[in-house]
Amino acid sequence: MKKVLLIGLVLALFAGLSLSQELPPGIPRNETLIAQWLTGRAANPGNFNIWATWVWNDRGIQNLLLEPLWCMEYAVGEVINALAAEPPIYSPDFTQLTIKLRKGVYWSDGVPFTADDLIYTIELSKKTSGFGYHTQMQQVKEMVKIDDYTVLIKLEKPNSRFHINFVDRWGAFRPLPKHIFEKVEDPLSFNFNPPVGTGPYVLHSYDPGGYWILWQRRDDWQRTPTGMLYGMPQPKYVLMVFYSAAEKRVLAMAQHNLDISDFSYEALQVVLRRVKTARAWRKDFPWTVNIDPCVTGLHLNNAIEPFNNPEVRWALTLAIDIVEYAANAFDGAVTLSPIHIPLVPAYYEWYYKRMEEWLMNFELDLGNGEKFKPYDPTAGLRLAEYAKKRGYPVPDDPEQIKKIFGPGWWKYAPDVAEKLLKKNGFYRDAQGKWRLPNGELWKITINTGNNPAGPAERNAFAAVQAWTKFGIDVVAQSLEIAQNAQGEFEVSTDWPAAEPWGGHPDLSRTLTPYYSAYVPALGEGAPWGNYARFTDPRMDKIIEELQVTDWNDTEKLIELGIEALKILVEKMPTIPTFNYPGVIAWDEYYWTNFPGAENMYAQPYPHWPNFKYMLPFLKPTGKK
């Protein structure tokens, strides 16, 4: 509440002042969409060579200028064939991959996009150390141009997932223009300015200071995948901006100089109160985006005591009252995630619903023949009840409540947690504090980041409250640079599992970090998603079977995914808590028909590569 008041006070102080984002002469505001990018001020604003280095890709390069072969759309659960004409085609032994390209696509300078571009992109990367995807492209043994729109890639060894290098999920190996790069002496130092793309927008101008960049719709937008698939992007211009302070974003939106932006949860509430034309992803509570393909939670270091014991990990899980936890973290504005993948619409059908009966019957062994079923199918309903008591509108339909607040979570059972700990030699002292089996006071340090508005940090402070209440001595430690990959932590708020695709049933992106061959000793860098260093022989077998399962075999992929998720529940190496609550607002003063929860035609963020696919659906209001 203090943060809300502070932002409101700053806004009041700025009232009457203008924070107008000046548009260049001749650029009409009502034909321009203004959106905030995510990753901060661009330090090298004149460099657009996305293949050589980081160039603040989300300021329009990945989301307006370039097209990938395939793009993941998690809001509707599909893979978009962009520059590719159809899904990847593998030989039965996965040593050859055929990619068929979309016909009729042109680079923005008028040169046709063909198989030559894709082949050259891979060849350039393979021979240029330091170029993007250089390591991954070493898997290519030979390429054959079947025709102008068909490429056969022969691999050094079987790989059923080689094509995922080209699937855009906030990052991919996107084809580059051969006719530009083949004339460049050093592709690593080349700035690629002015940039040429296959997407629907071209560079108009940019701020040498790195705070804004203006893009203009191509006259031949019909010759881009975006135009072919969805029609003409409605805004003639897109101005990408970066305001560092939340107060500036709020003020800019209040003055109708910012159409789309992410906010802190407190700043969003100020926007919704002060800007009559603004709206969030959901029109009512909890407002936040609850389909983000990422689950947040607590990462436990399985390589050190006592977190190497699954019964201790389960005790910590059952010591959490998830409704109180969610209230402390985000005033309840979250979607609970009892399993290690987010509750995106497709996963609700593919995984959550199919696992519900198993979750209901899953048991923990408390010893002496006593069993306990930890799953609480009413957790989402209880969170909804909390919201009602806070005065927020909540639907009556249980199915709707499940999708908004989550289908369930784990029971708050401190008595069962106590049994599990005592079973393993823990005990309470005279003050009720938990002691380790060796008699030492049980102290836990939670490593987290330094953004108090972020979900990682809010998980940390909610966990401190929950476990302190249970009798453990817990502190949260904010770090500038986390050393968690090397295993130098007890508990951290790194995501409890690597982010899955979100729009495809294949869970290899989440599960592969658990492959025992990839799990290093303490002190060495672990793969993202498994800093916990969890391994299980059964998981290895599932990962190996995934490697020889075709990407298009949906039912087999789901079957393997469910078995892997069951192992993660059984062992609980990390604790998933709730979906990443994306906080975004749109000002509908100039543009409407943004993809809200009631109209979920696309993912909602301007920094995602899918942003360009949203733009044909926007509608101008006609305001000048």
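This report concerns the structure included in the present document. (Residues numbered from 1 in each chain as written. Predicted model: local features only at pLDDT ≥ 70, side-chain atom pairs only at ≥ 80, totals over all residues. Heavy atoms only, no water.)

**Quick notes on the overall build of the chain**
For the chain, the helix and strand inventory stands at 19 helices and 27 strands. The C-alpha radius of gyration of the chain comes to 25 Å, within 12% of the 25 Å expected for a compact globule of 624 residues. Based on the C-alpha atoms only, the size of the chain along its principal axes is roughly 75 × 65 × 45 Å. By sequence separation, contacts in the chain at least 24 residues apart represent 71% of the contacts at least 6 residues apart. (Helix = DSSP H or I, 4+ residues; strand = E, 2+ residues; numbered from the N terminus. Rg over C-alpha atoms; globule rule 2.2 N^0.38 Å. Contact = heavy atoms within 4.5 Å.)

**Digging into the sheet that holds strand β4 (residues 89-90)**
Here we have four strands laid out as an open sheet, ordered β4-β5-β7-β6, and antiparallel in their pairing. Since the sheet does not close on itself, it has two edges, and those belong to β4 and β6 (140-147), each with one partner. Pairing of strand β5 (residues 96-100) with strand β7 (residues 150-155), which is carried by five bridges, proceeds in the antiparallel orientation. Along β7, the bridge assignment pairs Leu97 with Ile153. Across the sheet, helix α3 (residues 115-127) is in contact with β5, β6 and β7; its angle to β6 comes to roughly 165 degrees. (Pairing = 2+ DSSP bridges. Axes fitted to C-alpha atoms, helices over the stretch in contact; angles between N-to-C directions.)

**Brief notes about unusual backbone geometry**
A cis amide bond links Asn193 with the next residue in sequence, Pro194, at an omega value of 5 degrees. Position of Pro194 among the secondary structure elements: in the loop between α5 (178-181) and β9 (201-206). Cis geometry is adopted by the peptide bond preceding Pro286, which originates at Phe285 and carries an omega value of 10 degrees. With respect to the helices and strands, Pro286 occurs in the loop between β13 (278-280) and β14 (295-300). With a phi angle near 60 degrees, Phe94 is a residue other than glycine that sits in the positive phi range. Looking at the secondary structure, you find Phe94 in the loop between β4 and β5. Even without being glycine, Met572 reaches a positive phi, approximately 40 degrees. Within the secondary structure, Met572 sits in the loop between α18 (554-571) and β24 (574-579). Met572 sits in the buried class, given a relative accessible area of 0%. (Buried < 20%, exposed > 50% of the residue type's maximum accessible area, 1.4 Å probe, protein only.)

**Comments concerning helix α11 (residues 345-361)**
Across its 17 residues, α11 extends 24 Å between first and last C-alpha, which sits within 8% of the 24 Å expected from 1.5 Å per residue. Residue Met355 marks the point of greatest curvature in α11, where the axis turns by about 40 degrees. Here α11 has its buried residues at Ala346, Tyr347, Tyr348, Trp350, Tyr351, Tyr352, Met355 and Leu359. Its buried side turned inward, α11 meets β17 (375-376), α13 (398-405), β18 (409-410) and α18. (Expected span 1.5 Å × (residues − 1). Bend = angle between axes of the 7 residues up to and from the residue.)

**Examining the pattern of salt bridges**
Applying the stated rule across the entire model yields 30 salt bridges. The closest approach of N and O atoms between Glu370 and Lys419, which form a salt bridge, is 2.8 Å. On the criterion of sequence distance, the pair formed by Glu370 in strand β16 (residues 370-372) and Lys419 in helix α14 (residues 414-423) is long-range, its members being 49 residues apart. Of the residues examined, Lys419 reaches a relative accessible area of 38% and is grouped as partly exposed. Notably, a salt bridge pairs Glu563 with Lys566, separated by 3.3 Å at the nearest N-O pair. Taken together, the positions of Glu563 and Lys566, both in helix α18 and three residues apart, correspond to about one turn of that helix. (Salt bridge = Lys/Arg side-chain N within 4 Å of Asp/Glu carboxyl O.)

**Considerations on the pairing of β14**
With six of six residues buried, β14 lies mostly within the body of the structure. In this sheet, strand β23 (residues 491-492) lies alongside β14 in antiparallel orientation, the contact comprising two bridges. Bridge pairing links His299 to Ser492 in β23.

**Things to note about the packing of aromatic side chains**
Counted under the stated rule, the structure contains 40 aromatic pairs. Centre to centre, the rings of Trp495 and Tyr580 are 5.9 Å apart; their planes meet at 80 degrees, and the pair counts as edge-to-face. Taken together, the positions of Trp495 in the loop between β23 and α16 (508-511) and Tyr580 in the loop between β24 and β25 (584-587) put the pair 85 residues apart, joining distant regions of the chain. By relative accessible area, which is 18% here, Trp495 ends up buried. Grouping aromatic residues by their ring pairs yields a cluster made of Trp314, Trp358, Phe362, Tyr375 and Trp410. Of note, Arg509 hangs over the ring of Trp501, and the distance from its end group to the ring centre comes to 5.2 Å. (Phe/Tyr/Trp six-rings, centres within 6.5 Å; stacked < 30°, edge-to-face > 60°. Lys NZ or Arg CZ within 6 Å of the ring centre and 35° of its normal.)

Bear in mind that shape data such as this cannot, by itself, settle questions of function.
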